Amino acid sequence: MNKKSIKDFDYKGKKVLVRCDFNVPLKDGEITDETRIRESLPTIEYLTNEGAAVILMSHLGRPKGKANHEYSLEPVATKLSEMLDKEVRFLDDDKVVSDKTIKEVASIKDGEIVLLQNTRFLEGEEKNDKDFSKKLASLADLYVNDAFGTAHRAHASNVGVSEILPSAVGLLVEKEIEVMANSIENPERPFVAILGGAKVSDKIGVIENLLTKVDKIIIVGAMANTFLKAEGKGVGTSLVEDDKLDLAKDLINKAKDANVELILPVDLVVAYEIKDDVEIKTVSTDEIPEDKMALDIGEETIEKIKEALSDAKTVVWNGPAGVFEVEALSKGTFAIADILADLDATTIIGGGDSAAAVEKSGKADKITHISTGGGASLELLEGKELPGIACIEDRE
Ligand code: ADP
Ligand code: MG
């Protein structure tokens, strides 16, 4: 990567402002998944070991520009402190950087860590407001962006501060970019993409970008319904995008022209509705009943996917194969996780729900890289440059 890394600076006697992604799920004030906090540890530990005084910041949830303690970062400070086995002082401040915070930050010493309040308590955050960026930047000598999850947004706490302070990317962002971008741009072949999830319209950019790079593309999930319908098949009451049929036809033709094998399901699990104890049946894609919807891929399709992946050396997967949140409809998605886990290949998962599905499958530790950024990882798969990374200083 051509961006400055945290290893390019000296930190003795320096204050470093670090944008992390602490946007963790909370239930009744308790953190229900601490993955994002765990992923932030390497950068924080590196900086404190190098003698920096560390000022952490993040957003959490959608407080919509107002102080709302439901979205306070205090539980994150407590958890982080536990995980680092070191004090993380939480600077509770409805204005994020008011005079009391400026004073507190001025007194922190080398190796100490503080966490600011939720940056989205102020409207200026999402508006990339210059005054808010200046206030944040005034706290430190250097800026590090380690928030991959918001790198596709240009906000005050990433793009804004990077325009004022010398900047570098953190270890998590570096890892995300290296693994994701490298495997897509210089893949070991055969390179296969598996794309699924809810809507074709969410993934047009991903399909178009990957179509020019992969050897095979496998379409699953509700997205497959639109492709099947475009091929003239009946899809019953399935989730389908009728206004994207021409686009699907166009993509099928583009794949042909590019000599990319496009694989669609041959059988699907159907039901009257989405619920826990719903009665399910597997049918061929030629026989989807008019009054039922397709909610998962069938056994034959799973076998076909296994076969298609058998010699793969790079696999990118985005989008569950079915409604994996419901046990009876999760088989296809978990089967793909199993297949990927057993491959001797670089395997990469992008997308928020896909990452959650793989975690749930119990096979996460057998996957090369599970991206921590939902929207940001999709934009990388679309081949886009992320503003939160583009804004970081280039290496000379
Ligand atoms: P990601 O967040 O990984 O990019 P998406 O948001 O595109 O994935 O899609 C995930 C959602 O797609 C899941 O909530 C899942 O229930 C839904 N889904 C997958 N297959 C189907 C289907 N056949 N019918 C309805 N919903 C589906
Ligand atoms: Mg999603």
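None of the values given here were measured: they were computed from a predicted structure.

### Examining helix H11 (residues 331-342)
- If you check H11, its first and last C-alpha atoms are 17 Å apart, about what twelve residues at 1.5 Å a residue would give, namely 16 Å.
- Within the span of H11, buried status applies to Gly332, Thr333, Ala335, Ile336, Ala337, Ile339, Leu340 and Ala341.
- Buried residues in H11 make contact with strand S9 (191-195), strand S14 (293-297), helix H10 (299-309), strand S15 (314-318), strand S16 (346-349) and helix H12 (352-361).

### Brief notes about the sheet that holds S16
- If you trace the six strands from one edge of the open sheet to the other, you get S11-S10-S9-S15-S16-S17, paired in parallel fashion. A strand with exactly one partner marks an edge of an open sheet, and here the two such strands are strand S11 (261-263) and strand S17 (369-370).
- Strand direction decides the pairing type here: S15 and S16, joined by four bridges, are parallel. Looking across to S16, one finds that tryptophan 317 is bridged to isoleucine 349.

### A few points about a positive patch on the surface
- On the surface, Arg62, Lys64, Lys66 and Arg153 cluster together into a patch of positive charge.
- Turning to its location among the elements, lysine 64 is positioned in the loop between strand S4 (53-57) and helix H2 (74-84).
- The exposure class assigned to lysine 64 is exposed, which follows from its relative accessible area of 66%.

### Concerning the nonpolar core
- Counting residues in each nonpolar core, the largest one holds 94 residues, and the members touching the most others are Leu309 and Leu340.
- If you tally residues by element for this core, the top one is helix H9 (residues 245-257), at six residues.
- Those residues in contact with leucine 340 that lie beyond four places of it in its chain are Ile194, Leu309, Val315, Trp317, Thr347, Ile349, Lys366 and Ile367.
- Judged by nonpolar contacts, the second largest core, of 30 residues, contains Leu73, Phe90, Ile113 and Leu142.

### Observations regarding the pairing of strand S12 (residues 267-271)
- Burial analysis of S12 places five of its five residues in the buried class, the great majority of the element.
- In terms of strand pairing, S12 meets strand S13 (residues 281-284) through four bridges, oriented antiparallel. Each bridged residue has a counterpart across the sheet, and for aspartate 267 the counterpart in S13 is serine 284.

### Digging into H10
- For H10, the complete set of buried residues consists of Thr301, Ile302, Ile305, Ala308 and Leu309. One side of H10 holds all its buried residues, which, seen down the axis, span an arc of 125°. Away from its buried face by more than 90 degrees, H10 exposes Glu300 and Glu307.

### Some remarks on the site of ligand 1
- Surrounding ligand 1, one finds 18 residues, the nearest of these being Lys203, Ala294, Glu325, Asp353 and Ser354.
- In the model, a nitrogen atom of ligand 1 is placed 3.3 Å from a nitrogen or oxygen of the alanine 222 main chain.
- Starting from 580 Å² of accessible surface for ligand 1 in isolation, the protein chains cover 85%.
- At the level of secondary structure, the elements contributing two or more residues to the shell around ligand 1 comprise helix H8 (221-230), S14 and H12.
- Per-element accounting of the shell around ligand 1 gives the leading share, three residues, to H12.
- Broken down by class, the residue content of the shell around ligand 1 amounts to seven nonpolar, eight polar and three charged.

### Looking at the domain arrangement of the chain
- Assigned domains of the chain: these are domain 1 (6-172) and domain 2 (179-381).
- Computed over C-alpha atoms only, the centres of domain 1 and domain 2 are separated by 36 Å.
- Taken together, the contacts link six residues of domain 1 with nine residues of domain 2.
- Of the roughly 640 Å² buried at the junction of domain 1 and domain 2 (both faces included), carbon and sulfur atoms supply 64%.
- It is Arg36, Phe148 and His152 that lose the most area in domain 1 upon contact with domain 2, and together they represent 71% of the buried surface on that side.
- If you look at where domain 1 meets domain 2, you find zero salt bridges.
- Looking at side-chain class alone, the side of domain 1 that touches domain 2 contains two nonpolar, two polar and two charged residues.

Reading the values: rules and limits
Residues numbered from 1 in each chain as written. Chains lettered and ligands numbered in written order. Predicted model: local features only at pLDDT ≥ 70, side-chain atom pairs only at ≥ 80, totals over all residues. Heavy atoms only, no water. Helix = DSSP H or I, 4+ residues; strand = E, 2+ residues; numbered from the N terminus. Expected span 1.5 Å × (residues − 1). Buried < 20%, exposed > 50% of the residue type's maximum accessible area, 1.4 Å probe, protein only. Contact = heavy atoms within 4.5 Å. Pairing = 2+ DSSP bridges. Patch = residues over 30% accessible without salt bridge, like charges linked within 9 Å, V, L, I, M, F, W, Y side chains within 5 Å. Areas by Shrake-Rupley, 256 points an atom, 1.4 Å probe, with all protein chains shown as cover. Salt bridge = Lys/Arg side-chain N within 4 Å of Asp/Glu carboxyl O. Lys, Arg positive; Asp, Glu negative; His and termini not counted. Charge placed at Lys NZ, Arg CZ, Asp CG, Glu CD. Core = buried A, V, L, I, M, F, W, Y, C linked by side-chain atoms within 4.5 Å. Arc of directions from axis to C-beta. Near = heavy atom within 4 Å. Polar contact = N/O pair within 3.5 Å; in protein donor to acceptor, adjacent residues only side chain to side chain. Nonpolar A, V, L, I, M, F, W, Y, C, P; charged D, E, K, R; others polar. Domains from an automatic or database assignment. Buried area = accessible area lost by both parts, 1.4 Å probe.

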